[in-house]
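A structural walkthrough
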Amino acid sequence: MHQLRRNRRLRTTESIRSLVREHTITPNDFLVPLFVVEGKNVKQEIASMPGYYRYSLDLLKIEVNELWTMGLKAVLLFVKVPDDLKDNKGTEALNPDGLMQRAIKTVKDVAPEMLVMTDVALDPYSSYGHDGIVEDGYIVNDPTCEVLAEMSLSHAQAGADFVAPSDMMDGRIMAIRELLEEENYKNTGIMSYSAKYASAFYGPFRDALDSAPGFGDKKTYQMDFANRDEAVKETLMDIEEGADIVMVKPGLAYLDIVRDVRDAVDVPVAVYQVSGEYAMLKAAAEKGWLDHDAIMMEQIIAFKRAGAHIIASYFAKDVVKLL
């Protein structure tokens, strides 16, 4: 009796493996996070994120032009706000001439077709480092949602294509969507951080923006990482309130959540490969313990295989150079 089915026939050469490969990566899969600071001719490497930088607006132009030339067509903007502009209500976030608003215009000036998404949260602007307004040691929900909606409107007025609320306040998608509709920004999209967990993987990111909480932690509003079903519930609620894209954050330790969400929704699903994931691979590769590029590609494919349509990753440029 001869063996009629031999699965290894489809693995014999790279040519056949490529032909039957189920998931592939292109530059169109990526959303590129960019950190912006005040000043001129500033390119600051983030100590806990080797090879990743904060840019002043003049050098942001160069970086955006390089991304566009590489075929990377979407960016997610974050700003590092000077301490003297921080307060409890995030007042600077609504400044029409604020750093975020100028960064949006800078990107659009360089690459008008670049998709610009903006971080919507109070922690970069908060004197407490929290994602909401603090009253008597508690992060209050509804007043925070009002500010987040005004912040989103300000970003839309500056030219943002999508706003990306990352705060996890209840009802903030509805507040944002309603205000954008009222002000005739009907085409401004919302990418909601729908399943954002209270994770220890965010440490390097908080270094990048100097946005670590000044007291306590974020567990009263970000999700408990032990929970799975809750992620789908949160995501479905955000879609009902008007979210166009939903996100799971962090990435690698939450691939089960990515798949659960993908199976439950009919809108695009994003995943964020966060700063801690980036830093771990960089550190291990520097020690010679892991093959940087091989592991990087394996991780990126894992996100696609789990069901993500969009991957926010600090590795985006590195991956595209390999492609």
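Structure first, text after, so check above.
Keep in mind that this is a model prediction, so the values were computed, not measured. (Residues numbered from 1 in each chain as written. Predicted model: local features only at pLDDT ≥ 70, side-chain atom pairs only at ≥ 80, totals over all residues. Heavy atoms only, no water.)

**With respect to the overall build of the protein**
For clarity, the cut-off: Secondary structure is summarised from DSSP: a helix means a run of H or I of at least four residues, a strand means a run of E of at least two, and numbering begins at the N terminus for each. As a reference, a globule follows 2.2 Å times the number of residues to the power 0.38, and the radius of gyration itself is taken over C-alpha atoms. To sort residues, take the accessible area from a 1.4 Å probe on protein chains only and compare it with the maximum for the residue type: under 20% means buried, over 50% means exposed, and anything in between is partly exposed.
Along the backbone of the protein there are 11 helices and 12 strands. Scaling as 2.2 N^0.38, a compact globule of 323 residues should have a C-alpha radius of gyration of about 20 Å, and the protein matches this with 20 Å. Considered along the principal axes of its C-alpha atoms, the protein spans approximately 75 × 45 × 40 Å. Within the protein, buried positions represent 53% of all 323 residues.

**Points about the pairing of strand β9 (residues 189–196)**
Selection rule: One bridge is not enough; two strands pair if DSSP finds at least two bridges between them. Whether a crossover is right-handed comes down to one check: with the strands pointing away from the viewer, does the path from the first strand over the helix to the second run clockwise; if it does, it is right-handed.
Of all eight residues making up β9, eight are buried, and the element is well covered by its neighbours. As judged from the two bridges shared by strand β8 (residues 162–165) and β9, these two strands associate in the parallel manner. The residue of β9 that forms the bridge with phenylalanine 162 is glycine 189. As a crossover connection, the stretch from β8 through helix α5 (residues 172–182) into β9 is right-handed. Sheet topology places β9 next to strand β10 (residues 245–249); four bridges connect them, and they run parallel. When the bridges of β10 are listed, alanine 195 appears paired with valine 248.

**Some details on the environment of methionine 49**
To be explicit about the condition: In this analysis, two residues are considered to be in contact whenever any of their non-hydrogen atoms come within 4.5 Å of each other.
Mapping methionine 49 onto the fold places it in strand β3 (residues 49–55). Its relative accessible area of 0% is what places methionine 49 among the buried residues. Spatially, the C-alpha atoms of methionine 49 and alanine 283 are 9.2 Å apart, while their sequence positions differ by 234 residues. Ignoring any residue separated from it by four or fewer positions in sequence, one finds methionine 49 in contact with Phe35, Pro204, Phe205, Ser275, Tyr278 and Tyr314.

**Here we look at the pattern of salt bridges**
Where we set the bar: Counted as salt bridges are all cases of a side-chain nitrogen of Lys or Arg within 4 Å of a carboxyl oxygen of Asp or Glu.
Within the structure shown, the criterion is met by 17 salt bridges. Among the ionic pairs, arginine 17 bridges to glutamate 14, the shortest N-O distance being 3.3 Å. Of the two residues, arginine 17 and glutamate 14 are both situated in helix α1 (residues 14–20); the distance of three residues between them amounts to about one turn of the helix. Taking the relative accessible area as the measure of exposure, arginine 17 reaches 32% and is therefore partly exposed. Overall, glutamate 14 belongs to the partly exposed group, its relative accessible area being 41%.

**Focus: a negative patch on the surface**
Note the cut-off: Exposure above 30% relative accessible area and the absence of a salt bridge qualify a residue for a patch, where like charges join within 9 Å and nonpolar side chains (Val, Leu, Ile, Met, Phe, Trp, Tyr) within 5 Å. A 1.4 Å probe and the Shrake-Rupley method give the accessible areas. Residues count as covered only by the protein chains that appear here. The charged-residue count follows a simple rule in which Lys and Arg add positive charge and Asp and Glu add negative charge, with His and chain termini not counted at all. Taken as the charge location is NZ of Lys, CZ of Arg, CG of Asp or CD of Glu.
Negative charge collects at one region of the surface, where Asp142, Glu146, Glu150, Asp170, Glu178, Glu182 and Glu183 lie side by side. The set of elements that each furnish at least two residues to the negative patch consists of α4 (142–158) and α5. Element by element, the count of residues in the negative patch is highest for α4, at three residues. With respect to the helices and strands, the residue aspartate 170 is situated in the loop between β8 and α5.

**So, the nonpolar core**
Keep this limit in mind: The definition of a nonpolar core used throughout is a set of buried Ala, Val, Leu, Ile, Met, Phe, Trp, Tyr and Cys residues joined through side-chain atoms within 4.5 Å.
One finds Phe30, Leu60, Val75, Leu77, Met191 and Tyr272 to be the most contacted residues of the largest nonpolar core, which totals 101 residues. In terms of residue count, the dominant contributor to this core is α4 (eight residues). Setting aside residues up to four positions removed in sequence, valine 75 forms contacts with Leu31, Val32, Leu34, Leu67, Val107, Met114, Leu115, Val116 and Met117.

**Some points on the environment of valine 79**
Checked against the element boundaries, valine 79 lands in strand β4 (residues 74–79). Valine 79 gets classed as buried once you look at its relative accessible area, which sits at 3%. Spatially, the C-alpha atoms of valine 79 and glycine 98 are 9.7 Å apart, while their sequence positions differ by 19 residues.

**Some words on unusual backbone geometry**
Here the amide bond leading from lysine 249 into proline 250 is cis, since omega sits at 0 degrees, within 30 degrees of zero. Inspection of the secondary structure assignment puts proline 250 in the loop between β10 and α8 (255–264). Notably, asparagine 41 is not glycine yet its phi reads approximately 55 degrees, a positive angle. Relative to the helices and strands, asparagine 41 resides in the loop between β1 (30–36) and β2 (43–46). One non-glycine residue, methionine 168, lies in the positive phi region at around 70 degrees. Position of methionine 168 relative to the elements: it lies in the loop between β8 and α5.

**Re the packing of α4 against α5**
Selection rule: To get an axis, fit a line to the C-alpha atoms, keeping to the stretch in contact for a helix; angles then go from 0 to 180 degrees between the N-to-C directions. Working rule for angles: under 35 degrees goes down as roughly parallel, over 145 as roughly antiparallel, 65 to 115 as roughly perpendicular, anything else as oblique. In this scheme, a crossing is called left-handed if the near helix is turned counterclockwise away from the far one by less than a right angle; it is called right-handed if the turn is clockwise. Residue polarity is assigned by list, with Asp, Glu, Lys and Arg as charged and Ala, Val, Leu, Ile, Met, Phe, Trp, Tyr, Cys and Pro as nonpolar; anything else, Gly included, falls into the polar class.
Relative orientation of the contacting elements α4 and α5 amounts to 45 degrees, with a least axis distance of 8 Å. In terms of axis orientation, α4 runs oblique to α5. Where α4 crosses over α5, the two elements pack in a sense that is right-handed. Residues Cys145, Leu148, Ala149, Glu150, Ser152, Leu153 and Ala156 of α4 touch α5, and the partners they reach there are Arg172, Ala175, Ile176, Leu179 and Leu180. Grouping the constituent residues of the contact of α4 with α5 by class yields nine nonpolar, one polar and two charged.

Function cannot be read off these values alone, since they describe shape.
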